[in-house]
Amino acid sequence: MSAIEKIEFNEALGERYLAYALSTILSRSLPDVRDGLKPVHRRLLYAMHELKLNPQSSFKKSARVVGDVMGKFHPHGDASIYDALVRLAQDFSVRYPLIDGQGNFGNIDGDNPAAMRYTEARLTGIGALLLEGIDEETVDFTKTYDEESEEPLVFPACFPNLLANGSTGIAVGMATSIPPHNLEELCQGMIALLENPELSDEQLLEHIPGPDFPTGGVLVESRESILQTYTTGRGSFRVRASYIKEELKGGGYQLVVTSIPYMVQKSKLIEKMAQLLFEKKLPLMSNFMDESSEDLRIVIEPKSRNIDPEMLMESLFKQTELESRFSLNMNVLSLEKRPEVLSLRTTLSQFLVHRFDILQKRTQYRLNQIISRLELLDGYLIVYLNLDEVIQIIREHDDPKAELMQRFQLTENQVEAVLNMRLRSLRKLQEIEIRAEHDKLSKEKEGLDKLLGSDKLQRSYLRKSFESLVKDFGKNTELGKRRTEISTPPKEITILDIMPIEVEPVTIICSEKGWIRVQKGHVKGEDIKYKEGDAERFVIPCQSHQKILIFTKLGKSYTLTTDKLPGGRSQGDSLRLMVDMEPEDEILFVGAIPLEKADYLLINNKGKGFRIESGNLMAQTRQGKQIFNISGNTEYVMACILLEKTHLAMIGTHRKLLIQPIDDIPFLMRGQGVTLHKYKEAEVSDILLMNAEEGLTYRRGLQVVKEMDLLPWTGKRGAIGKLAPLGFPRSNKFNG
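An account of the accompanying structure is given in this report. As the structure is a prediction and not an experimental result, all values here were calculated from the model.

**Considering a negative patch on the surface**
- A grouping of Glu5, Glu8, Glu11 and Glu15 is seen on the molecular surface, where their side chains present a negatively charged patch.
- Within the secondary structure, Glu15 is located in helix H1 (residues 9-29).

Spelled out as structure tokens, the structure:
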């Protein structure tokens, strides 16, 4: 009986999860910087190579390919393998399809492809380039999962597939997202790197201005933003649908969308537009029609011929996926076989290192073949000159091999080749042919020796190979022409500029228990009814087009618009259902954000705070935006105030008062702020915004007291302050 080994559960779980994470990262989710492929894609293409499904061959059923991949290389389900095959064949998913599909392989609407028993596949011309030279000892092979055969660890890859076709994937604790690019631009960039290895990302941008998506669209991103994204390996690209204006009889017009952003399903886009039109949230558009066939064509009709086409499209860009962002996270398996986030320049440089390695290995492989053939030709020449004697030795000697080696100084390989020749071949040996082939191979060997020994010649060779790629797949070809237009960022237009929203006075009502609603007109407190057990907390008169700011004690901000709030005679909806607040969090402030630029003051109970612009407070999602960083269980934000005064008065639980100018408080976008009032064993009790020239006003019982001489309590930011005036309320509150 074997001994039982005792180990800690946490240790065992950690080891196994780490093994799973590494397996997911290295063997499933992240592409290799050299060929841009994940293992499933590499196995698919290699299986097709073994089946001789080259571009010139006939098609074979996809089921045959999937079966070979699953049986020989990839021990996973057939559905996932077929999904990977289908994607490599979809010209709207990959910029340069690696598989030539015949049959129904799905469409841009999101419809599913036909079953694998109905579709057929073979390699495309550019897909075959990834495998060019794979049988010439250029890459390492490893045993398959059943150890019955071998599979390549990487492809020779004659073109930078990682950037040309892009890649997406989610691993454990990391992800990758790489958009596709134009192959000619990539080749020009690599040629520039060959000429100047010290080329910067900014200089590389002259050759590679941005992604080139299969579905076209318009890239509306500034050069500075693109440069930063490519330099850091992280960022995003803003892409819009492209459209044209068609004039109609009578002076009218219609807009025709001719391409949509990458990875956007047309059917879902149409569904969203129809929903917005039904809800009357697209007042500039009267109707739209999907007239797409092989080419995409979505016709948009304006409400009136007087509506500006740009304004109409802006309303759609703001509210639909006609505008989207594609993220870039250049997280790949680098040459060191580890996950790294690379810049554009580093990615191309590492690909070039791979290409140099493949070139040297292919050259050495061909050189070895020539050396072996020249050895045999030398032997054939000796045999030809001494043919009769050779035949006699073969006929009469018991060990002709040893005799031939001794008599004519032949090598073992030469003798084996001679002894294995047929008599008919011996008769056809001709000195002229042997010498001609020998001279030709010797000349080729000399050229290969020079190539192996010269970095300059290797760079020249690679340059010619990239120029050949440009000739075959460049912008002058149907496949290679740039599809995504590169434009300048559009002028930022607010929703008010686009939407003719009826501006009217409204009142935002938020109760103590967090039920929020909107009522038309400016309603007074006594006219507002609440649920039983609930009471008034925030009553905010504002305009219907203002945004609503919600700030919590844990330092998070949320933004709502009045059209998202329930109205009419309802008691409202719970604010917690409208935004994703933490269960332990509490609402601190609800207010309408001014239309003009405004500043807010945030202060926590420990006396720290900062000023922030209203634009930086606004959140874009339900999850909100962390503005004030909270540390410890006893810390919380106690004030979010719209700044309309010149000075801040703060009093602590130790009854020390400090008055400081608002201008001394710095602006931050987020953080923990700076110390406004220093405390040792106390915290903020109350705060008050005031104008110094108007004095400090506080309430003592029913009496209102005004202190005009503020010098004793006025100090710099972060001071300790002085004891409050004699008679200040024992509650430490300015309002008594």
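Moving on from the coordinates now.
**Quick look at the pattern of salt bridges**
- Tallying each qualifying case throughout the model produces 41 salt bridges.
- Between Glu247 and Lys245 there is a salt bridge whose closest N-O contact spans 3.7 Å.
- Residue classification places Lys245 among the partly exposed residues on the basis of a relative accessible area of 44%.
- Salt-bridge contacts for Lys553 lead to Glu586; the nearest nitrogen and oxygen are separated by 3.6 Å. Taken together, the residues span a long stretch of sequence, with Lys553 in the loop between strand S21 (547-552) and strand S22 (556-561) and Glu586 in the loop between helix H20 (575-578) and strand S24 (587-592) at a distance of 33 residues.
- Residues joined by salt bridges that share partners form a network here, namely Arg95, Glu185, Asp212, Lys475 and Arg482.

**Here's the deal with the packing of aromatic side chains**
- What the rule picks out here adds up to 10 aromatic pairs.
- Between Phe589 and Tyr600, the aromatic rings sit 6.2 Å apart at their centres with planes inclined by 70°, giving edge-to-face as the arrangement. Taken together, the residues span a long stretch of sequence, with Phe589 in strand S24 and Tyr600 in strand S25 (residues 599-604) at a distance of 11 residues.
- Assessed through its relative accessible area of 17%, Phe589 is described here as buried.
- On the accessibility criterion, Tyr600 (1% relative accessible area) is buried.
- An aromatic cluster is defined as three or more aromatic residues linked by ring pairs; in this entry it consists of Tyr46, Phe73 and Phe141.
- For Lys245, the ring lying beneath its charged end belongs to Tyr253, and the centroid distance is 4.9 Å.
- Lying over the aromatic face of Tyr636, Lys553 brings its terminal NZ or CZ to 5.4 Å of the ring centre.

**A look at the sheet that holds strand S32 (residues 684-690)**
- Pairing is antiparallel across the open sheet formed by four strands, whose spatial order is S32-S29-S30-S35. Pairing within the sheet leaves two strands with one partner each, and these edge strands are S32 and strand S35 (722-723).
- Strand direction decides the pairing type here: strand S30 (residues 656-661) and S35, joined by two bridges, are antiparallel. Among the inter-strand pairings, Lys656 is bridged to a residue of S35, identified as Leu723.

**Side note on helix H14 (residues 400-408)**
- Every buried residue of H14 is accounted for by Pro400, Leu404 and Phe408. Considered in projection along H14, the buried side chains sweep an arc of 35° and stay on one side of the axis.
- The elements touched by buried residues of H14 are helix H12 (344-385), helix H13 (387-396) and helix H15 (412-419).
- Gln409 lies just past H14 and shows a positive phi near 55°.

**Concerning unusual backbone geometry**
- For Glu147, which is not glycine, the phi dihedral falls at a positive 60°.
- The exposure class assigned to Glu147 is exposed, which follows from its relative accessible area of 59%.

How each quantity is defined
- Along each chain, numbering runs from 1 in the same order as the chain's sequence is written.
- Residues qualify for local features only when their pLDDT is at least 70, as the model is predicted, and side-chain atom pairs are given and counted only at 80 or more; totals for whole chains, interfaces and linings, by contrast, use all residues.
- Derived side-chain values reflect all non-hydrogen atoms in the structure, with water molecules and hydrogen atoms excluded from consideration.
- Patches here are clusters of residues that have more than 30% relative accessible area and form no salt bridge, with a 9 Å joining cutoff for like charges and a 5 Å cutoff for nonpolar side chains (Val, Leu, Ile, Met, Phe, Trp, Tyr).
- Note on areas: Shrake-Rupley with a 1.4 Å probe; residue coverage comes only from the protein chains shown.
- Should a side-chain nitrogen of Lys or Arg be within 4 Å of a carboxyl oxygen of Asp or Glu, the pair is scored as a salt bridge.
- All tallies of charge rest on Lys and Arg as positive and Asp and Glu as negative; His and the ends of each chain are not included.
- Each charge is placed at NZ for Lys, CZ for Arg, CG for Asp and CD for Glu.
- The secondary structure listing takes helices from DSSP runs of H or I that are at least 4 residues long and strands from runs of E that are at least 2 residues long, numbered from the N terminus.
- Throughout this description, buried means an accessible area under 20% of the type-specific maximum (1.4 Å probe, protein chains only), exposed means over 50%, and partly exposed covers the range between.
- When the centres of two rings from Phe, Tyr and Trp lie within 6.5 Å, Trp using its six-membered ring, the rings pair. Their planes under 30 degrees apart give stacked, over 60 give edge-to-face, and anything left gives tilted.
- Think of it as a cone above the ring: NZ of Lys or CZ of Arg counts as a charge over the ring if it is within 6 Å of the ring centre and within 35 degrees of the ring normal.
- At least two bridges found by DSSP between two strands is the condition for calling them paired.
- Here the arc refers to the directions that run from the helix axis out to each C-beta atom.
- We call two residues in contact whenever any of their non-hydrogen atoms come within 4.5 Å of each other.

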